[in-house]
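Examination of the molecular architecture
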Amino acid sequence: MTGSARHRPAEVFGASLIVLIRAGLWLWVLFNLAMVLWVMLNSVKTSRSIFANPVGLPDTWMWENFATAWSTSGLGAATLNSVILVTVSVALIMGLSVPAAYAVARLGGRSSGPVATFFAVGMSIPFQAFAVPMVLISVGLSRFMIDWITGAWDPRVTVALFYVVLSLPFSVFVLIGYFRSLPGELEEAAALDGATPFRTFWQIMAPLARPGITTVAVLNVLTLWNETVIVLMLVPNQRMQTLNVALLNFYSNMQYTSNWGGLFAGVVIVVLPMIVIYLWFGRRIVNGMTQGIGK
Amino acid sequence: MVADTVARPAARRGRATADGGALHVERRRLYLPLLLPALIAYLLFFVVPSIFGVVLSFAEWSGLGTEFSWVGVANYAELLSSRMFLSSFLNTVLLTLVVGVALFLIAVAAMVALRTARAGAFIRSAVFLPFMISPIAVGLAVSFLFNPKGMVNTVLGLAGLDALRQPWLGPELIFRVIMAGVVWSAAGFYVVLVMSAVDGIPPSLYEVARIEGAGLIQQFRYVTLPLTRDMIATAAALWAIAGIKTFEIVIAFVGTAGTPPPEARTLAVEQYLRVTGGRIGGMAQLGQAAAIGVVMTAITVVLIVLSRRIQRRDRLEWS
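Parameters and conventions
Residues numbered from 1 in each chain as written. Chains lettered and ligands numbered in written order. Predicted model: local features only at pLDDT ≥ 70, side-chain atom pairs only at ≥ 80, totals over all residues. Heavy atoms only, no water. Contact = heavy atoms within 4.5 Å. Buried area = accessible area lost by both parts, 1.4 Å probe. Salt bridge = Lys/Arg side-chain N within 4 Å of Asp/Glu carboxyl O. Polar contact = N/O pair within 3.5 Å; in protein donor to acceptor, adjacent residues only side chain to side chain. Helix = DSSP H or I, 4+ residues; strand = E, 2+ residues; numbered from the N terminus. Nonpolar A, V, L, I, M, F, W, Y, C, P; charged D, E, K, R; others polar. Buried < 20%, exposed > 50% of the residue type's maximum accessible area, 1.4 Å probe, protein only. UniProt positions renumbered as here; feature names shortened; annotations may be inferred. Domains from an automatic or database assignment. Core = buried A, V, L, I, M, F, W, Y, C linked by side-chain atoms within 4.5 Å.

**A closer look at the interface of chain B and chain A**
Many analyses report the size of an interface as the accessible area lost when the parts associate. Listed per partner, the contact involves 103 residues of chain B and 99 residues of chain A. Taken over both partners, the interface formed by chain B and chain A buries close to 8,500 Å², and the fraction arising from carbon and sulfur atoms is 78%. Considering only the side of chain B, the residues that lose the most area to chain A are Arg27(B), Met132(B) and Phe144(B), jointly responsible for 9% of the buried surface there. Taken together, chain B and chain A are joined by one salt bridge. Taking the shortest distance from any N to any O, the salt bridge between Arg27(B) and Glu187(A) comes out at 3.4 Å. On the surface where chain B and chain A come into contact, there are 18 residue pairs in polar contact (both at pLDDT 80 or more). Take the side of chain B that touches chain A: its biggest share by element is 22 residues, from helix H2 (residues 21–56) of chain B. A breakdown of the residues in the side of chain B that touches chain A according to their chemical character gives 72 nonpolar, 21 polar and ten charged.

If you want it as structure tokens, here you go:
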């Protein structure tokens, strides 16, 4: 292939190393697919056959694993919590970050560089630096609302608040990149046609940035769907917890229930929506995660 | 108006470069209304609390209505004399370094062999997949594979390798198994990340290298590696940020019922136990928990600065 006539030992070594690496990569691919299949099969097996027959097809197809996980173990309510929390949070994140990113990328003038950096700094602060103040704010907020304003408080609202602010740095930063990459001539043309700056943003530039906006929204859905620690810290009531935390509780009760099939059904309920999103948006998710960050 | 006076220099600049100065002023007026909601939310609920976290690490306080007292560096001193903290600190550093090296080797291997591989796009999507999946689910599945009656031991038994069967989740091995799980779930992301830099390299450079008689390994050494150094630096920084925070997968290995064994605790787990008081009904130790947060930020900053040193000084320009 390399077209060289002499085969030096180094080349032979190199060629075999590459064959080896490629074989390793394919093994990795197979392992990933096998894991997905294995989890799915386990979710329709009896707990006994999960241990007795770890690789084969189920003896009896236990579709009721999903029913028990969904209703008896409370994963249904948790799914609803997750769906609502993620939907509301992502809507708010986008509502805040799209205008802000446009402003920084297109209207900011001299201050836009520092503002972009200011948002970017938030991406490198570990969540744990924020955890204790977050818990205190959460306690203070709920006490304040109960005593003075509403008389009641739902900790899930606090979770949504922190989901939104913690997602802002990444979202704003990546969207700034998208808005900067759009051609400026369109804005000038819109202005010449008499569009106000706001209309230019809302009806011309935002639609043009839609691929970027969709990508950022999907990435936020993924992150928040998989989020666990904030709910663990802020929501003590099991009925209000999200899917991942419910799954953990399910697992913790395993020594009493031994419903392993149900546990795997729970894992499928957590994982399947994300696999579907991955198949749907595939390349865009991958590019958004890697190229948006790499810049 | 004050705003106009402030905006004047920018407006003048606008007039000099483009045409309509009036339009420019109008656009400047839109700047703050669009920016402020996000900026204020970020400032008020993220930046200020984070700074307050540093303040808290020098105090003893359990929230509104309780007494606030300055304790100086006592929280840090207590951490230093806590065996749990020290072992979780070492575990976190160990995990970040060991997994970091493993991720680097995998990424390098991929850069050598994946560029010219057949079905490269498919391989990339398939290895990326675990990164998309909830770390809780990953932790549950991996720990189940390794449980005493799990798949790994069963397969080893069937293969006649009974000697290799281990209590994988026992105190001696559990952290290694967790690290393997982290490698599995994260590696695909870093492979795709560095490959996106490899894709940016003009094919003509590889052509030239090939004509000069360079094999794939030399092509990696003399073309790929020098031209992807920036991305490797970025990847290293991203891994530092992510690795220090490792939490969910550990929790998934042990569940929420018991407290994780000290051998498996990371700093994030240790902090979580101190924030919530653990499941054994202990008291929350918020000052110490805040100090752990500061320590983690410090490690992250150090690692980011170190990873910057990999980066090249001059920016790359294709052409």
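**Some thoughts on the pattern of salt bridges**
Tallying each qualifying case throughout the model produces six salt bridges over all chains. One salt bridge connects Glu270(B) with Arg265(B), and the closest N-O pair in it is separated by 3.1 Å. When sorted by exposure, Glu270(B) lands in the same class as Arg265(B), which is buried. Sharing partners across several salt bridges, the network here consists of Arg106(A), Glu187(A) and Arg27(B).

**Let's talk about the UniProt feature "domain: ABC transmembrane type-1" (unreviewed entry) in chain A**
Those residues carrying the UniProt feature "domain: ABC transmembrane type-1" (unreviewed entry) are residues 79–281 of chain A in this numbering. Here residues 79–281 of chain A runs as 83% helix and 0% strand, with 22 Å between its end C-alpha atoms.

**A look at the domain arrangement of chain A**
All names here are of chain A. Taken domain by domain, chain A consists of domain 1 (9–52) and domain 2 (64–294). Computed from C-alpha atoms alone, the centre-to-centre distance between domain 1 and domain 2 is 32 Å. Counting from both sides, the interface comprises eleven residues of domain 1 and, opposite them, twelve residues of domain 2. Both sides together, the interface formed by domain 1 and domain 2 hides about 810 Å², and carbon and sulfur atoms give 75% of it. It is Val39, Ser43 and Ser47 that lose the most area in domain 1 upon contact with domain 2, and together they represent 48% of the buried surface on that side. Here domain 1 is connected to domain 2 by five residue pairs in polar contact (both at pLDDT 80 or more). The dominant element in the side of domain 1 that touches domain 2, judged by the number of residues it contributes, is helix H1 (residues 9–42), at five residues. Across the side of domain 1 that touches domain 2, the residue classes tally to seven nonpolar, three polar and one charged.

**Observations concerning the environment of Ala187(B)**
Residue placement: Ala187(B) occurs in helix H8 (residues 174–199). With relative accessibility at 3%, the residue Ala187(B) sits in the buried group. For the pair Ala187(B) and Val127(B), spaced 60 residues apart in the sequence, the C-alpha separation amounts to 7.6 Å. Non-local contacts of Ala187(B), meaning those with residues more than four positions away in its chain, are made with Trp28(A), Leu103(B) and Ile106(B).

**Things to note about the nonpolar core**
Phe179(A) and Ile285(A) are the most contacted members of the largest nonpolar core, which has 192 residues in total. Sorting elements by how many residues they give to this core places H8(B) first, with 19 residues. Here Phe179(A) is in contact with Val98(A), Ala101(A), Tyr102(A), Ala105(A), Arg106(A), Phe201(A), Met205(A), Ala206(A) and Ala209(A), once residues within four sequence places are set aside.

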